[in-house]
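In case you want the letters, here they are:
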Amino acid sequence: MSFSKRLKAIIKQERHSQRSFSEVVDIPLPSLESYLAKKVEPSANVVMKITNHPEFKKYTLWLMTGEIEANSGQICPTEEIQKKYGLLDITEKRKA
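Cut-offs and rules
- Residues numbered from 1 in each chain as written.
- Predicted model: local features only at pLDDT ≥ 70, side-chain atom pairs only at ≥ 80, totals over all residues.
- Heavy atoms only, no water.
- Helix = DSSP H or I, 4+ residues; strand = E, 2+ residues; numbered from the N terminus.
- Rg over C-alpha atoms; globule rule 2.2 N^0.38 Å.
- Axes fitted to C-alpha atoms, helices over the stretch in contact; angles between N-to-C directions.
- Parallel < 35°, antiparallel > 145°, perpendicular 65-115°, else oblique.
- Left-handed = near helix turned anticlockwise from the far one by under 90°.
- Contact = heavy atoms within 4.5 Å.
- Core = buried A, V, L, I, M, F, W, Y, C linked by side-chain atoms within 4.5 Å.
- Buried < 20%, exposed > 50% of the residue type's maximum accessible area, 1.4 Å probe, protein only.
- Salt bridge = Lys/Arg side-chain N within 4 Å of Asp/Glu carboxyl O.

Per an unreviewed UniProt entry, the chain goes by the name Transcriptional regulator and belongs to Aliivibrio fischeri.

Below you can see the structure in the form of structure tokens.
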């Protein structure tokens, strides 16, 4: 699984545009576009901005590893959104 696909899924799940997401987490829009296009890997500082933001903290484990821990409040986007971004095969079940 790729970081960029997971990030796209999170942005979609939270109903942000790329512009609004970049503003909320204080990342320049061109930089975000580069991360999403897999042109550039985000720095640790950028990943920290995303995972420490209150709106996106619940996705930290999934964003970094593809795993969830629901008992700890660590979730993932819906199965429908994950399929849209190629994160799940049609036959694969969402990790729970």
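Student: What am I meant to see in the overall build of the chain here?
Tutor: Within the chain, the regular secondary structure consists of six helices and zero strands. Across the chain, helices and strands are ordered from the amino to the carboxyl terminus as α-α-α-α-α-α. Relative to the 2.2 N^0.38 estimate, which gives 12 Å for 96 residues, the radius of gyration of the chain is 13 Å and therefore close to what a compact globule would have. When its C-alpha atoms are laid out on the principal axes, the chain stretches across 35 × 25 × 20 Å.

Student: Help me understand the packing of helix H2 (residues 18-25) against helix H3 (residues 29-36) in this model?
Tutor: How two helices sit against one another is set out by the angle between their axes and by the gap between those axes. Interaxial distance between H2 and H3 falls to 9 Å at its minimum, and their mutual angle equals 115°. Here H2 is positioned roughly perpendicular relative to H3, judged by the angle of their axes. Of the two possible hands of crossing, H2 and H3 adopt the one that is right-handed. Note on element contacts: H3 touches H2 through Leu-29, Leu-32, Glu-33 and Leu-36, opposite Gln-18, Arg-19, Phe-21 and Ser-22.

Student: Is there a simple way to explain the nonpolar core in this structure?
Tutor: Nonpolar side chains in soluble globular proteins tend to be buried together. Residues Leu-7, Phe-21, Ile-27, Leu-32, Ile-50 and Trp-62 are the most contacted members of the largest nonpolar core, which totals 22 residues. Taken together, the elements giving at least two residues each to this core come down to helix H1 (3-13), H2, H3, helix H4 (44-52) and helix H5 (60-65). Among the elements that line this core, the one with the most residues is H1, at five residues. Setting aside its immediate chain neighbours within four residues, Leu-32 contacts Leu-7, Ile-11, Gln-18, Phe-21, Ser-22 and Ile-27.

Student: How do you make sense of the pattern of salt bridges when you look at a structure like this?
Tutor: Oppositely charged side chains can form a pair if their charged atoms are brought close together. All chains considered together, the criterion is met by three salt bridges. A salt bridge links Lys-58 to Glu-14, with the shortest nitrogen-to-oxygen separation between them at 3.3 Å. Taken together, the positions of Lys-58 in the loop between H4 and H5 and Glu-14 in the loop between H1 and H2 put the pair 44 residues apart, joining distant regions of the chain. For Lys-58, a relative accessible area of 30% gives the class partly exposed. Given a relative accessible area of 19%, Glu-14 falls into the buried group. Across the salt bridge formed by Asp-26 and Lys-49, the nearest N and O atoms sit 3.6 Å from each other. Here Asp-26 is found in the loop between H2 and H3, whereas its partner Lys-49 is found in helix H4, with 23 residues between them in sequence.

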